[in-house]
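Fold and contact review
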Protein chains: 2
Amino acid sequence: MSLLVVGTVAFDAIETPFGKTDKIIGGAATYASLAASYFHKKINLVSVVGDDFPQETIRQLNSHGINTDGLQIKKNEKSFFWSGKYHNDMNSRDTLATELNVLMTFDPIIPEAYQNCSFLMLGNLMPAIQIKVMERMKTRPKLIVMDTMNFWMDTAMGDLRKAISMVDVLTINDAEARQLSGEYSLVKAAQTILEMGPKYLIIKKGEHGALLFNSEQVFFAPALPLEDVFDPTGAGDTFAGGFIGFLARTKDVSFENMKRGIIFGSAMASFCVEKFGTERIIELSQEEVDERVQEFVDLVQFDITLV
Amino acid sequence: MSLLVVGTVAFDAIETPFGKTDKIIGGAATYASLAASYFHKKINLVSVVGDDFPQETIRQLNSHGINTDGLQIKKNEKSFFWSGKYHNDMNSRDTLATELNVLMTFDPIIPEAYQNCSFLMLGNLMPAIQIKVMERMKTRPKLIVMDTMNFWMDTAMGDLRKAISMVDVLTINDAEARQLSGEYSLVKAAQTILEMGPKYLIIKKGEHGALLFNSEQVFFAPALPLEDVFDPTGAGDTFAGGFIGFLARTKDVSFENMKRGIIFGSAMASFCVEKFGTERIIELSQEEVDERVQEFVDLVQFDITLV
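Residues numbered from 1 in each chain as written. Chains lettered and ligands numbered in written order. Predicted model: local features only at pLDDT ≥ 70, side-chain atom pairs only at ≥ 80, totals over all residues. Heavy atoms only, no water.

As a further point, take the environment of A:Val289. Residue and element names in this part refer to chain A. Tracing the backbone shows Val-289 in helix α10 (residues 286-300). For Val-289, a relative accessible area of 0% corresponds to the buried category. Excluding its chain neighbours within four sequence positions, the residues that come into contact with Val-289 are Tyr-38, Phe-39, Met-268, Phe-271 and Leu-284. (Helix = DSSP H or I, 4+ residues; strand = E, 2+ residues; numbered from the N terminus. Buried < 20%, exposed > 50% of the residue type's maximum accessible area, 1.4 Å probe, protein only. Contact = heavy atoms within 4.5 Å.)

See the structure below:
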């Protein structure tokens, strides 16, 4: 039951109220595959970087059980670079720089050995590329999870609607759910978006947790109340990676098991924000992950018996 | 095990994106005692109104099992009146009018028959009055829950700090927790506020749910995702009333039982916002309450066993 993760592998430069970084490792597929690696060991990566990307990082991914044969390394080109500055509340940010570089011509080639994967995670990317990946799979994966963002709603809505119609689970944040649906109420927004094709919708609310919807049920998972959120970059990708990694390990795509997946994803995201970039999620022990999941259990579980 | 509710009984005029009302019945003690009445039948009310207040409403309170012997009716005076207009997101509002009227000279007289109450709910009021109520109790109630608001942080911080130091459970919203503590992180804010005296702190986050803290534990309950929030007025008071009403019924003030109380309080608040004013919470059946609580159970419960 292999898991294919497609998305960006990139450099970020981040400024938060707690400090700023030089170029550090980032990218949706980096966060998602690292998070998934704590649950599942057959992870295949499709992405593209320039030859400025450190071999050391690729070795780190490999040591996490992530196969990087599908990571294209473009000679004499530069990796995707994003730079942003978070506001004091950490809920909003300004983009300072976006250098697409290798992404401008990215053709997502799926190695033959990556075919027949059961789980596909499409990290945020141009929707046309996400569609191309799905069209290139010789057999449809058991579960396709796709992340996207408001930028594509503004610039490529046709492709985005097509991509959304092809997936099983869409993950977006609350503002994006409102934009995509035209509904302010998240319950109404979910109904509208589920009519666009996906069977499940996850609405990410950052520090306010996440909602999972299908056409009949809803589940809510909180974010862990943390003393400090140090750097939110990658939290959504880490959440999605933990979610699909857990599903791939358990081979169960029922709503009940997705609830568990959301708790595991939330636990991984809560680590992600504790340090800059991937620093925290690259070094976790299984004990830390289990303890953190237990904190979520303790945070929300109660015992009510209605008579 | 009687429950004493002290707070305003008043008129409100409310404008939301869904419509506006003339003068309707409002007030923290009205909402709190009505919500509590679904769980507990020995409720005593201390408040003050003018002789403009409708006898019919007082009879409605009585029919909910609320004793109004402690409701002072001032001849030739007018009841407290508040008017406000909610913004489109329902999370912020402008106060259009505040007419204190009878509140200006309110002396909270505790009828002898109300003494020896086990549970005391102090709705939002001038902190000096909240202190006076506590000082007038001949025996300290088993549990004192107090609500307050930012206005008193701005105008009566000395009295407010004294009142807070005397209670068991303080309920405030997230912005107020940040203001009171000077901490942005709600975890740090909670630690700071618990050092001011209360053993428990409930931080209300409106549509984002509520957090319960003691010095060692934290519990989170979501708000129910609703299609529409019609009118948020009184939701916090309804929450507090449901919370303390449930505790009074079960006579158990442990952290575990407070978790249940928060779920029952959240369920009551989710009804409150469905219609203007007290319209929805005055007419509920026990079946509706139980069904709503079950929706909360379904919303957050998951089954994870860590090995």
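In summary, the two copies of the chain are related to each other by a rotation about an axis coupled with a shift along it. Its rotation angle being 180°, the transformation that places chain A on chain B also includes 0.0 Å of axial translation and leaves an RMSD of 0.0 Å. Taken together, the rotation and translation relating the two chain copies correspond to the operation of a two-fold axis. Same-surface contact between copies: 100% of interface residues of chain A are shared with the interface of chain B. (Least-squares fit on C-alpha atoms with pLDDT ≥ 70 in both.)

Okay, the packing of helix α3 (residues 127-136) of chain A against helix α5 (residues 157-166) of chain A next. Residues and elements named next belong to chain A. Between α3 and α5, whose axes approach to 8 Å, the crossing angle comes to 35°. The way α3 lies across α5 gives a crossing that is left-handed. Between α3 and α5, the contacting residues are Pro-127, Ala-128, Gln-130, Ile-131, Met-134 and Glu-135 on the first element and Asp-159, Leu-160, Lys-162, Ala-163 and Met-166 on the second. Among the residues making up the contact of α3 with α5, the classes are represented as seven nonpolar, one polar and three charged. (Axes fitted to C-alpha atoms, helices over the stretch in contact; angles between N-to-C directions. Left-handed = near helix turned anticlockwise from the far one by under 90°. Nonpolar A, V, L, I, M, F, W, Y, C, P; charged D, E, K, R; others polar.)

This part is about the pairing of strand β13 (residues 210-213) of chain B. All names here are of chain B. Taking every second residue as pointing to the same face, both faces of β13 are buried, with Ala-210 and Leu-212 on one and Leu-211 and Phe-213 on the other. Here four bridges tie strand β12 (residues 200-204) to β13, and the two strands are oriented antiparallel to one another. By the bridge assignment for β13, Ile-203 is matched with Leu-211. Joining the antiparallel neighbours β12 and β13 is a turn of five residues, in which Gly-206 adopts a positive phi near 60°. As consecutive antiparallel partners, β13 and strand β14 (residues 218-221) are separated by four residues. (Pairing = 2+ DSSP bridges.)

Moving on, we get to the sheet that holds strand β6 (residues 66-74) of chain A. Residue and element names in this part refer to chain A. If you walk across this open sheet you meet the nine strands as β6-β5-β1-β9-β10-β11-β12-β13-β14, and the pairing is mixed. With partners counted over all chains shown, the strands left at the sheet margins are β6 and β14 (218-221), one partner each. Taking the axes of each pair of neighbouring strands and ignoring which way they run, one obtains an average angle of 15° across the sheet. Two strands pair when backbone bridges link them, and strand β9 (residues 119-122) and strand β10 (residues 143-147) are joined in this way by four bridges, in the parallel orientation. Note that in β10 the partner of Met-121 across the bridge is Val-145.

In short, shape yes, function no, at least from these values alone.
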